[in-house]
Amino acid sequence: NPNTKTMLSGIAAMLDKTANDEAHCMMTNTLLADIENYVNELCFDMPFRAECGGLSAQALIKSLKISVADDCETLAESLIQYMTIISSFGKCKIFICVNMLGILDTDELAAFADEVRKKQLRVLLIDAYAPENVSGVRRLTIDKDLCEF
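Positions within a chain are numbered from 1, following the residues in the order the chain's sequence is written. With the structure being a predicted model, the display of local features is reserved for residues of pLDDT at least 70 and the display and counting of side-chain atom pairs for 80 or more, all residues being used for whole-chain, interface and lining totals. Side-chain calculation: all heavy atoms of the structure are included, whereas hydrogens and water are not.

## Focus: the pattern of salt bridges
Salt bridges, as used here, are contacts in which a Lys or Arg side-chain nitrogen is within 4 Å of a carboxyl oxygen on Asp or Glu. Scanning the model with the defined rule gives 3 salt bridges in all. Here Asp114 makes a salt bridge to Arg117, at a shortest N to O gap of 3.5 Å. Pair noted here: Asp114 and Arg117 are both in helix α5 (residues 106–118), with a separation of 3 residues, about one helical turn. As a salt-bridge pair, Lys119 and Glu115 come within 4.0 Å of each other at their nearest N and O atoms. Judged by relative accessible area, Glu115 falls into the partly exposed class, the value being 27%. Only DSSP runs of H or I reaching four residues or more are called helices, and only runs of E reaching two or more are called strands; each is numbered from the N terminus. When accessible area is computed with a 1.4 Å probe and restricted to protein chains, residues below 20% of their type maximum are described as buried, those above 50% as exposed, and intermediate ones as partly exposed.

This is the structure:
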C-alpha cells in the first residue's frame, strides 16, 4: 500500500520543496496570500474578533489529503509503483525481492524486469530455484557448495 503515513509524509515534503522552488515560489506566495485574505474576510464577518495568519505551503499541502492513485492492475505494477515512489525520495539504492518466482509467472517477471530497466531501478531477485531463462533478467546461481555458475 503506497498510502502509508510515512510515504505520504515523504510525498508532502517533496511537494512542499517543489512549491518553494524558484519556478513555483511566486505562484505559491500569491496563492497563500489569496487564501489568507479570503479567510480574513470570513473572520471579519464573525461576531467576535478573529485573525488568520501563518499559512504555509506545507500546511496547505497536508490539508489537501494527498494520496497515491492506486490504479495498478497487477502485483508487478504495484511493486513498480512502490519502488518508483521510494526511489524518488532518493534514499533507496537497491530493492531486494525474495521468492518473486513464487508470486509472478515468467511472463509477468519478464514484464517486471522490462519496466525495472525502463525506470532505471536496481533490483536483486533472490529465489530458491532457477527457472528457465527469463528475458531481461541476468541470473547468477549459487549452489549448496557456494559455487557460482
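Next comes the rest of the write-up.
## Concerning the pairing of strand β2 (residues 123–126)
Following DSSP output, two strands are said to pair if at least two bridges run between them. Sheet analysis places strand β1 (residues 95–98) next to β2, joined by 4 bridges and oriented parallel. Paired with Val98 across the two strands is Ile126, which belongs to β2. Call a crossover right-handed when, viewed with both strands pointing away from you, the route from the first strand across the helix to the second goes clockwise. This β-α-β element, β1 to α5 to β2, shows right-handed connectivity.

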